[in-house]
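Residue-level structural notes
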Amino acid sequence: MAGRRRQQEQPDLSLERAAGGRVAGVDEAGRGPWAGPVVAAAVVFGVGDPPPQVHAMITDSKLLTAEQRAALKPVILTFADAAVGIASVAEIDSMNILQATLLAMRRAVARLAEIPDLALVDGNRAPHLRCPVRTVVGGDRKSLSIAAASIVAKVTRDRLMARLAADYPGYGWARNAGYGTAEHRAGLARLGPCVHHRRSFRPIRELLDAEP
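Presented here is an overview of the structure given in this document. Along each chain, numbering runs from 1 in the same order as the chain's sequence is written. For this predicted model, a pLDDT threshold of at least 70 governs which residues receive local features, and a threshold of 80 or more governs which side-chain atom pairs are given and counted, while totals over whole chains, interfaces and linings are taken from all residues. Remark: hydrogens and water are excluded; side-chain values derive from all non-hydrogen atoms of the structure.

1. Section: the nonpolar core
Throughout this description, the term nonpolar core refers to a set of buried Ala, Val, Leu, Ile, Met, Phe, Trp, Tyr and Cys residues connected via side-chain atoms within 4.5 Å. Exposure is judged per residue with a 1.4 Å probe applied to protein chains only, and the accessible area is read against the type maximum: over 50% gives exposed, under 20% gives buried, and values in between give partly exposed. V26, V38, L112, M161 and W173 are the most contacted members of the largest nonpolar core, which totals 36 residues. By definition, any uninterrupted DSSP run of H or I lasting at least four residues is a helix, any uninterrupted run of E lasting at least two residues is a strand, and each is numbered from the N terminus. Listing elements by their share of this core, those giving two or more residues are β1 (23-29), β2 (38-45), β3 (80-87), α5 (97-110), β4 (118-122) and α6 (144-167). With nine residues, the single largest contributor to this core is α5. The next biggest cluster of nonpolar side chains, apart from the first, holds 21 residues, and it includes L72, A80, V84 and A149.

2. Overview of α6
Between its terminal C-alpha atoms α6 stretches 35 Å, which fits the 34 Å expected from 24 residues at 1.5 Å a residue. The buried fraction of α6 is high, at 18 of 24 residues. Polar contact is defined as a pair of N or O atoms within 3.5 Å, subject to the rule that within protein one atom must be able to donate a hydrogen and the other to accept it, and that residues adjacent in sequence are counted only when both atoms are side-chain atoms. Looking at where α6 begins, the residue whose side-chain oxygen comes 3.3 Å from the main-chain nitrogen of S145 is S143. For a helix, the expected span equals 1.5 Å multiplied by the number of residues minus one.

3. Structural notes on the pattern of salt bridges
Oppositely charged side chains may form a pair once their charged atoms are brought near each other. Should a side-chain nitrogen of Lys or Arg be within 4 Å of a carboxyl oxygen of Asp or Glu, the pair is scored as a salt bridge. Counted according to the given criterion, the structure contains nine salt bridges. In this structure, R22 engages D81 in a salt bridge whose closest nitrogen and oxygen atoms are separated by 2.4 Å. With R22 in the loop between α1 (14-19) and β1 and D81 in strand β3, this residue pair connects regions lying 59 residues apart in the sequence. Where salt bridges share partners, they join D60, K62, D140 and R141 into one cluster.

4. Here we look at the environment of L118
Summarising the element assignment, L118 is placed in strand β4. Expressed as a C-alpha distance, the spacing of L118 and A24, which sit 94 residues apart in the sequence, is 6.3 Å. Any two residues having at least one pair of non-hydrogen atoms within 4.5 Å are treated as being in contact. If sequence neighbours within four positions are ignored, L118 has contacts with A19, R22, V23, A24, C131, P132, V133 and R134.

5. Quick notes on the sheet that holds β4
Sheet architecture is open: five strands sit in the order β3-β2-β1-β4-β5, paired in mixed fashion. Both outer strands of the open sheet, β3 and β5 (133-136), are each paired with one neighbouring strand and no more. Neighbour-to-neighbour, the strand axes of the sheet open up by a mean angle of 25°, direction not taken into account. One ladder, built from eight bridges, connects β2 with β3; its direction is antiparallel. Looking at β3, one finds that F45 is bridged to A80. Strand pairing follows a simple DSSP-based rule, namely that at least 2 bridges must link the two strands. Here, axes are lines fitted to C-alpha atoms. For helices the fit covers the stretch in contact, and angles between N-to-C directions go from 0 to 180 degrees.

6. As for the pairing of β2
β2 sits mainly inside the fold: eight of its eight residues count as buried. Along β2, one buried face is formed by V38, A40, A42 and V44 and the opposite face, lined by V39, A41, V43 and F45, is buried too. Alignment of β1 against β2, held across five bridges, turns out to be antiparallel. Within β2, the residue paired with G25 across the bridge is V43.

Now the structure itself:
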């Protein structure tokens, strides 16, 4: 499943080991879509490494197929404490996508079984947590915990969008997860925005402004 990857794309537990203690990797899915919530996940691996075959499969979720991510999520949950946090479309529109993403991250970490000793957060912006935080640019290709969090967040959000697609057909969310694809654009042109569209995002705002 893992395939052949460049060494820098295969994350490991070096950052976690160097920090010591209980270290959570934190990542998000869904900052860019025009519809749906933003989802964050926090993952803490237990004492020692996950089995080598599991370790070898985990990488940045963007490098995996949807089938690979779906197969990996229950494996990750077997070997790690993991939790998910969600910020709604209303929260995205009221506070902006960055602040909503940080809120989702705070919720994910707060739902772990125990507050970690350190949180490694993908990117360069840190949420305010009840534990120390270290940002890691490109963290989902460096830290195994962050990479695992990226998978859990992505699978969780994709499934949520597929459920919303059943109630709001016509936008193709089961396939595009709310991103601004041609299919989504066509649905918006035909149906207009619905309650799950992010009105603070320019394409949606411009559509609403153009309505008579």
